[in-house]
Amino acid sequence: MTDVPVKPRQLPLDLAHDAAQSRDDLVVGSANAEAVALIDRWPDWPTPVVVLAGPAGSGKSHLAAIWQASSDAVRLFPAMLSTALPINEGPILIDDTDAGAIDETGLFHLINGVTQSGSTMLLTSRRFPTAWGVALPDLASRLKAAATVEIQEPDDALLAGVVTKLFADRQVEVEPHVIQFIVRRIERSLSTAIDVVARLDQAALEQKSRISRALAADILGEMDNGQRSLDL
């Protein structure tokens, strides 16, 4: 009996693939058009403080990075919001504001400082400020006066554009019909798109193949089965 030779499996290097985050790399659709317009409008904002609210992976951080680059804003983290924080006279960015407990007094004083200096502040969060559970009345009042823009879950057109861009970031070309196949079968979130693209790229490298509809069906099936196992 002759042994059937086993095709060696290529193990790709685990290289980091940083998503391009410039304005030119931004994919615009109905889900994020209002938020993009507001970022592009800076410094002509309707209020000194603007809140971008949307689900995880909706592109808030990409928009925040674009604004930070154009405004030369100082980026602060929620944990840095203390009453001892010096007031900065330039633009300020706070990403993922509602990711943990909010130092309400610190944020209140920071907003006051920004307003009094005639500067601007961008906050991103998963929820609208009214859902942050703010107890300090003065801060609640300041947040209520802020302009809040919602980034919705992407539609098919936007998601297809994002998936195409994510593959391009990895220097991988995928045929349009395969992109559409993927988009119709994944959860409507950018975070899921990022995960799917990474898995497909990994599988294609291991198998030394192109990313085809058949490969996409296999990987998406594996992901579905894995999710079902977690749900049991």
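Predicted, not measured: the structure shown is a model, and the values here were computed from it.

Glancing now at the pairing of strand S4 (residues 121–125). Remember that side chains alternate between the two faces of the sheet whenever the strand is regular. In terms of burial, S4 is a largely internal element, five of the five residues being buried. By the alternation rule, side chains of S4 split into Met121, Leu123 and Ser125 and Leu122 and Thr124, which are all buried. Inspection of the sheet shows strand S1 (residues 49–53) paired to S4 by five bridges, in the parallel sense. Its bridge partner being in S4, Val51 is matched across the sheet by Leu123. Here three bridges tie strand S3 (residues 92–94) to S4, and the two strands are oriented parallel to one another.

Looking now at helix H7 (residues 190–207). For H7, built from 18 residues, the straight-helix expectation of 26 Å at 1.5 Å per residue is met to within 8% by its first-to-last C-alpha distance of 26 Å. Those residues of H7 that sit buried are Leu190, Thr192, Ala193, Val196, Val197, Leu200, Asp201, Ala203, Ala204 and Glu206. Two residues or fewer after H7 comes Lys208, characterised by a positive phi angle close to 55°.

To continue, consider the pairing of strand S5 (residues 147–150). Side chains Ala147 and Val149 of S5 all project onto a buried face; the interleaved residues Thr148 and Glu150 project onto a face where none is buried. By the bridge criterion, four bridges tie S1 to S5 in an arrangement that is parallel. What sits directly across from Ala53, in S5, is Glu150.

In this section: the environment of Phe108. Here Phe108 lies in helix H3 (residues 104–117). Judged by relative accessible area, which is 12%, Phe108 ranks as buried. Sequence separation between Phe108 and Pro137 is 29 residues, and the spatial gap between their C-alpha atoms is 9.9 Å. Those residues in contact with Phe108 that sit more than four places away from it in its chain are Leu136, Asp138, Leu139 and Arg142.

Following the sequence through the fold, Ser58 ends up in the loop between S1 and helix H2 (60–71). On the basis of relative accessibility, which here comes to 9%, the residue Ser58 falls in the buried class. Reaching out from Ser58, the side chain makes a polar contact with the backbone oxygen of Pro55 at a distance of 2.7 Å. For Ser58, the residues in contact, after removing those within four places along its chain, are Ile151 and Leu190.

Looking now at the packing of helix H1 (residues 33–41) against H2. Remark: H1 packs on H2, axes separated minimally by 10 Å, with the N-to-C direction vectors making an angle of 10°. Classified by the angle between their axes, H1 and H2 sit roughly parallel to one another. Only Leu63, Ile66 and Trp67 of H2 make contact with H1, whose side of the interface consists of Ala35, Val36 and Ile39. Taken together, the residues that form the contact of H1 with H2 break down as six nonpolar, no polar and no charged.

With that settled, consider unusual backbone geometry. Cis rather than trans, the peptide bond between Trp42 and Pro43 has omega equal to 10°. With respect to the helices, strands and loops of the structure, Pro43 is situated in the loop between H1 and S1. Phi at Lys208 takes a positive value of approximately 55°, unusual for a residue other than glycine. Take Lys208: it is sitting in the loop between H7 and helix H8 (213–231). What makes Lys208 exposed here is its relative accessible area of 59%.

Calculation rules
Residues numbered from 1 in each chain as written. Predicted model: local features only at pLDDT ≥ 70, side-chain atom pairs only at ≥ 80, totals over all residues. Heavy atoms only, no water. Buried < 20%, exposed > 50% of the residue type's maximum accessible area, 1.4 Å probe, protein only. Helix = DSSP H or I, 4+ residues; strand = E, 2+ residues; numbered from the N terminus. Pairing = 2+ DSSP bridges. Expected span 1.5 Å × (residues − 1). Contact = heavy atoms within 4.5 Å. Polar contact = N/O pair within 3.5 Å; in protein donor to acceptor, adjacent residues only side chain to side chain. Axes fitted to C-alpha atoms, helices over the stretch in contact; angles between N-to-C directions. Parallel < 35°, antiparallel > 145°, perpendicular 65-115°, else oblique. Nonpolar A, V, L, I, M, F, W, Y, C, P; charged D, E, K, R; others polar.

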